[in-house]
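Chains, contacts and geometry: an overview
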Amino acid sequence: MLNNKLLQLFLLIFSSLFIAQQKKVSLSDFPDSKVMVVAHRGDWREAPENSVWAVKKAIEKGVDMAEIDLAMTKDSVLILMHDNTIDRTTTGKGKPSDFTLAEIKKLHLRDGLGVETQMNVPTLQEILEISDGKILLNLDKGFDYIKQVYPLVKKRNMLDQILFKGHESYTEFNQKYGDIKNDIHYMPIIQLGKDEDLKKISEYINNYKIYGFEFTIGTTEKNLIDFKKLREKKVKIWVNSLWPHHNAGNNDDLVLDHPNVYDWYINKGVNIIQTDRPKELINYLKKNKLYY
């Protein structure tokens with residue numbers, strides 16, 4: 001009897017510790033002092049981009065957020081697709097809107113080399129089901145279909161797991177989405193070097209509680225601004241590590257020979273990085289105690 005009680009106590013303590021160590025999958029709870037890892041189109045190096053498997057692989061690696069792209073079928077179903085056509089990533093040809101969901105599901109996704117796989121194009125609903133409670137999502141082009149996306153996400157009680165982004169000025173944003181703006185997490189995209197984009201920064205900060213800003217820097221630091229001053233206003237700073245024009249040449253592929261390339265992001269005050277090499281970025285962050 002005593003042994004049984006001790007076993008039950010041990011299991012209770014162990015399960016409590018396990019739950020405590022699990023990440024909170026919530027945008028609101030993500031600490032400013034840590035760096036959020038975003039997998040570009042899911043973990044596309046291990047699976048077709050924007051596929052169920054790409055999101056699952058990102059979850060396996062411990063990625064914080066998966067960036068996915070949305071398109072709509074002929075019968076008004078939201079699916080994952082980056083391009084304006086399905087030619088590059090599937091065995092079909094044409095626009096997503098040329099096909100019903102049933103027709104799209106008959107096609108197969110292609111991997112990064114263009115080779116046909118046995119995987120199908122997923123719906124947003126399918127991705128929400130596998131990501132809920134496991135990984136955050138950034139819905140690229142999500143605002144193109146906000147009337148369909150918002151009720152779908154709200155019904156699943158996932159608004160705190162979804163990040164929306166867009167290029168609108170605050171005035172445009174408020175006119176289009178004023179009725180839901182306080183229910184969602186939103187991040188304006190700012191291209192440094194464009195005066196009209198720089199004006200958006202103060203407009204949003206003065207009028208709205210934004211989650212942060214995504215910045216495109218250019219191939220050099222010529223137009224770089226002080227991100228740390230913005231961080232003082234409790235907004236997050238997102239910079240892509242994908243290609244040189246996003247980050248003044250401090251891109252992902254350099255990590256193969258220079259594992260500390262991500263120092264540049266930390267030194268500049270960046271705390272959200274969208275990457276094509278999530279494993280390498282996570283290893284770097286763990287080593288520097290910046291992984292959540």
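Quick caveat: nothing in here was measured; it's all calculated off a predicted structure.

1. Brief notes about the overall build of the chain
Each helix and strand in the chain was counted, giving 10 helices and nine strands. A compact globule built from 292 residues would reach a C-alpha radius of gyration of about 19 Å, and the chain, at 20 Å, matches this within 12%. Its C-alpha atoms give the chain principal-axis dimensions of about 70 × 50 × 45 Å. Element-wise, carbon and sulfur atoms account for 51% of the exposed surface of the chain, whose accessible area totals about 14900 Å². With 42 positive and 40 negative side-chain charges, the chain shows a separation of 4 Å between the mean positions of the two kinds.

2. As for the side chain of Glu214
Relative to the assigned elements, Glu214 resides in strand E7 (residues 212–216). You can call Glu214 buried: its relative accessible area is 6%. At a separation of 2.4 Å, a polar atom in the side chain of Glu214 contacts the side chain of Lys165. Apart from the residues lying within four places of it in its own chain, the contact partners of Glu214 are Lys165, Met187, Pro188, Ile189, Ile190, Trp238 and Asn240.

3. Quick notes on the packing of aromatic side chains
We describe a pair of aromatic rings using the distance from one ring centre to the other and the angle between the two ring planes. In total, this model carries 13 aromatic pairs according to the counting rule given. Here the aromatic rings of Trp264 and Tyr265 are separated by 5.0 Å at their centres, their planes lie at 85°, and the arrangement is edge-to-face. By relative accessible area, Trp264 is classed as buried at 10%. Classification of Tyr265 as buried rests on a relative accessible area of 0%.

4. Some details on the pairing of strand E5 (residues 162–166)
Across the five residues that make up E5, a large majority, five, are buried. Here E5 shows two buried faces, one formed by Ile162, Phe164 and Gly166 and the other by Leu163 and Lys165. Note that strand E4 (residues 136–140) and E5 share three bridges and pair parallel. Bridge pairing in E5 places Asn138 opposite Leu163. Between E4 and its parallel partner E5, the chain crosses via helix H5 (residues 146–155), and the hand of that crossover is right-handed. Where E5 lies against strand E6 (residues 185–191), four bridges are found, and the strand directions are parallel. Residue pairing across strands places Leu163 opposite His185, the latter belonging to E6.

5. Quick word on the UniProt feature "domain: GP-PDE" (unreviewed entry) in the chain
Within this numbering scheme, the UniProt entry marks residues 35–285 as carrying the feature "domain: GP-PDE" (unreviewed entry). Secondary structure within residues 35–285 divides into 29% helix and 19% strand; the distance between the first and last C-alpha atoms comes to 7 Å.

Cut-off values and rules
- Residues numbered from 1 in each chain as written.
- Predicted model: local features only at pLDDT ≥ 70, side-chain atom pairs only at ≥ 80, totals over all residues.
- Heavy atoms only, no water.
- Helix = DSSP H or I, 4+ residues; strand = E, 2+ residues; numbered from the N terminus.
- Rg over C-alpha atoms; globule rule 2.2 N^0.38 Å.
- Areas by Shrake-Rupley, 256 points an atom, 1.4 Å probe, with all protein chains shown as cover.
- Lys, Arg positive; Asp, Glu negative; His and termini not counted.
- Charge placed at Lys NZ, Arg CZ, Asp CG, Glu CD.
- Buried < 20%, exposed > 50% of the residue type's maximum accessible area, 1.4 Å probe, protein only.
- Polar contact = N/O pair within 3.5 Å; in protein donor to acceptor, adjacent residues only side chain to side chain.
- Contact = heavy atoms within 4.5 Å.
- Phe/Tyr/Trp six-rings, centres within 6.5 Å; stacked < 30°, edge-to-face > 60°.
- Pairing = 2+ DSSP bridges.
- Right-handed = clockwise from strand over helix to strand, strands pointing away.
- UniProt positions renumbered as here; feature names shortened; annotations may be inferred.

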